[in-house]
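# Observations on chain architecture
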Amino acid sequence: MKPILDKKYIKNALKKAKKILLSGELVIFPTETVYGIGANATNLNAIQKIYEIKKRPYNNPLICHFQNLQKIQNDFEINEVAYKLADFFWPGPLTLILKKKKSSTISFNVSNNNELVGCRIPNHPIAGKLLKSIPFPIAAPSANISTKLSSTNINNLDNELKNNIFFIDGGDSYHGLESTVINVSSNYPTILRYGSITVEQLKKIIPNINFIKKNNLTHLAPGQQKKHYSPNIPIRINVKKVLEGEVLLNFGKNNLKSKLFELNLSPSRNLKEAGKNLYNFLHQLDKYEYKGIAVAPIPNHNLGKTINDRLKRAISNDS
Ligand code: TXA
Ligand code: MG
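None of these values were measured; they are calculated from a predicted model.

## Section: the packing of helix α1 (residues 7-22) against helix α5 (residues 125-133)
Contact geometry for α1 and α5: axes closest at 10 Å, N-to-C directions at 45 degrees. Considered as vectors, α1 and α5 are oriented oblique to each other. As for the relative orientation of α1 and α5, their crossing is right-handed in sense. Judged by residue contacts, I10, L14, A17, K18 and L21 of α1 engage I126, K129, L130 and S133 from α5. Grouping the amino acids of the contact of α1 with α5 by side-chain chemistry returns six nonpolar, one polar and two charged.

## Describing the domain arrangement of the protein chain
Along its sequence, the protein chain is carved into domain 1 (7-211) and domain 2 (235-315). Each of domain 1 and domain 2 has a C-alpha centre, and the two are 27 Å apart. Residue-level contacts link 21 residues of domain 1 with 17 residues of domain 2. A combined buried area of about 1700 Å² lies between domain 1 and domain 2, and 55% of that area is made up of carbon and sulfur atoms. On the domain 1 side of the contact with domain 2, L149, L177 and Y194 bury the most area, a combined 37% of that side's loss. Taken together, domain 1 and domain 2 are joined by two salt bridges. Residue R310 is joined to E178 by a salt bridge in which the shortest nitrogen-to-oxygen separation is 2.9 Å. Where domain 1 meets domain 2, there are nine residue pairs in polar contact (both at pLDDT 80 or more). Of the residues that constitute the side of domain 1 that touches domain 2, the class distribution is six nonpolar, twelve polar and three charged.

## A short note on the packing of aromatic side chains
Taken as a whole and judged by the stated rule, the model has five aromatic pairs. When the ring of Y51 is compared with that of Y58, the centres are 4.8 Å apart and the planes differ by 35 degrees; the resulting orientation is tilted. For Y58, a relative accessible area of 39% gives the class partly exposed. Between the aromatic rings of Y194 and F211, the centroid separation amounts to 4.2 Å while the plane-to-plane angle is 15 degrees, which identifies the pairing as stacked. Of this pair, Y194 sits in the loop between β10 (190-193) and α7 (199-205) while F211 sits in strand β11 (residues 210-211), placing them 17 residues apart in sequence. Using a relative accessible area of 18% as the deciding quantity, one classes Y194 as buried. Given the relative accessible area of 31%, F211 is considered partly exposed. For R310, the ring lying beneath its charged end belongs to Y229, and the centroid distance is 4.8 Å.

## Examining the side chain of D169
In this structure, D169 sits in the loop between β8 (166-167) and β9 (180-183). As a buried residue without a salt bridge, D169 has its nearest oppositely charged side chain in K162, at a separation of 7.7 Å. There is a polar contact of 2.9 Å between the side chain of D169 and the backbone nitrogen of G171.

## Topic: the site of ligand 1
Near ligand 1, the surroundings consist of 27 residues, among which T33, R56, H65, L116 and S179 are the closest. Bound to the protein, ligand 1 loses 97% of the 680 Å² it would expose on its own. At the level of secondary structure, the elements contributing two or more residues to the shell around ligand 1 comprise β3 (63-65), β6 (116-120) and β10. Among the elements that line the shell around ligand 1, the one with the most residues is β6, at four residues. Within the shell around ligand 1, the residues separate by chemical class into 14 nonpolar, nine polar and four charged.

## Some remarks on the pairing of strand β5 (residues 94-100)
For β5, a buried count of six out of seven residues is recorded, marking the element as mostly surrounded by other parts of the structure. Of the pairings in the sheet, the one linking strand β4 (residues 76-77) to β5 comprises two bridges and is antiparallel in character. Each bridged residue has a counterpart across the sheet, and for F76 the counterpart in β5 is K100. The pairing of β5 with β9 spans four bridges and is parallel. The residue of β9 that forms the bridge with L96 is I182. Sheet analysis places β5 next to β6, joined by four bridges and oriented antiparallel. By the bridge assignment, I97 is partnered in β6 with G118.

Rules used in this analysis
Residues numbered from 1 in each chain as written. Chains lettered and ligands numbered in written order. Predicted model: local features only at pLDDT ≥ 70, side-chain atom pairs only at ≥ 80, totals over all residues. Heavy atoms only, no water. Axes fitted to C-alpha atoms, helices over the stretch in contact; angles between N-to-C directions. Helix = DSSP H or I, 4+ residues; strand = E, 2+ residues; numbered from the N terminus. Parallel < 35°, antiparallel > 145°, perpendicular 65-115°, else oblique. Left-handed = near helix turned anticlockwise from the far one by under 90°. Contact = heavy atoms within 4.5 Å. Nonpolar A, V, L, I, M, F, W, Y, C, P; charged D, E, K, R; others polar. Domains from an automatic or database assignment. Buried area = accessible area lost by both parts, 1.4 Å probe. Salt bridge = Lys/Arg side-chain N within 4 Å of Asp/Glu carboxyl O. Polar contact = N/O pair within 3.5 Å; in protein donor to acceptor, adjacent residues only side chain to side chain. Phe/Tyr/Trp six-rings, centres within 6.5 Å; stacked < 30°, edge-to-face > 60°. Buried < 20%, exposed > 50% of the residue type's maximum accessible area, 1.4 Å probe, protein only. Lys NZ or Arg CZ within 6 Å of the ring centre and 35° of its normal. Lys, Arg positive; Asp, Glu negative; His and termini not counted. Near = heavy atom within 4 Å. Areas by Shrake-Rupley, 256 points an atom, 1.4 Å probe, with all protein chains shown as cover. Pairing = 2+ DSSP bridges.

If you want it as C-alpha cells, here you go:
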C-alpha cells in the first residue's frame, strides 16, 4: 500500500490528531526514527492508556517529545553537557534523560514516579506540526506491543493498535532505528540505549562518553529488558548457514541462501540503509509459515552497533 502523503490528507489528519490529544486520547504519529504512540504528557489518565494498550510494564518509562528547547527548559534542568548535545543533535534522534524541575507539570507516570525523564525534539515535519498545535509535550513510546518489533510504517502496525487508535500515515521513517538515549543528569554522560546517533558521532562531541555497564541497567534504564524488539517466530543471528525452513535476512554479498525467501538489508553494505530497512524487513519475514529468521553477520561499528543491539535483544528469551 502506498502511503498517502498529500498536503490535504496531512492537514486534516493533524487537525484530527490535535483534537484527539486534547481530549486525552492516543494518536499514532510518524517520527524520523520509528512511529510513536502518543498522549498528553501532563495527563495521568491519557498516559495510563499507553501502558495498557502496549501491555507495557509501568517501570519502563516513556520519552517526552517537545516542540523546542525553550519548552524543555520550562520543565527541566539542563546542564552544560546537555546543552552541548542538544545544540548539536536537536531536533533529531537523541533522547536526553533530564531532571524535572519541581514546577514541572509532566505526569509522574511518564517516568514511574522518577524525577529523571527522557526528552527529545523530533526532526519530522508531521511530529513538529503536531507538537506546535498543542500546549503540552507528547509522551510517546514506539508504536508496538511491548517486547515486539517497532514500526517504521503504517503497514507494520499491530492490528490491535491500528484498529483502535487514530494514526497519521507519514510514509517510511527516515532512520528506522530508535533514538539514542543518554543520561546526562550526572557529570558522567552515559549511553543507555544505542540508537540512530552513533557512538562515533557522540564521541566527537563528548569524548569521555560511556556505555552503561550491564549491572547498572535495571536501576538506571528500567526499560532495557533483555528481550525486546522481537519477531513472533524464532530468530538466529550471525549465521553461517541458513537452515531448512528458515528465511534469510541478508547483508552485503555472500554465499548465504534460503530456499524459501530472503531480503537484503543492504547489498552494498551501507549501514544507514540497513538500519532503515531492519524493522520493516523483519516484519515482512515474521510469518508463522516460516520456521525462523536467519540473519547474516552485521559489522559491529557505527550503526551496526545499534543494529546488533536490537538483534541480540530480539533473540533473547528473558523478559
Ligand atoms: O526514537 C524513539 O526514541 C522512539 C520515538 C517514538 O521517539 N521512542 C521510543 O520509545 O523508542 P520507547 O518507549 O519504545 O523506548 C524508550 C527507551 C526505553 O528503553 C526506556 O527504558 C528509556 O528509553 N527511557 C525512557 N525514559 C527513561 C528514564 N527516565 N530513565 C531511563 N531510561 C529511560
Ligand atoms: Mg520501544
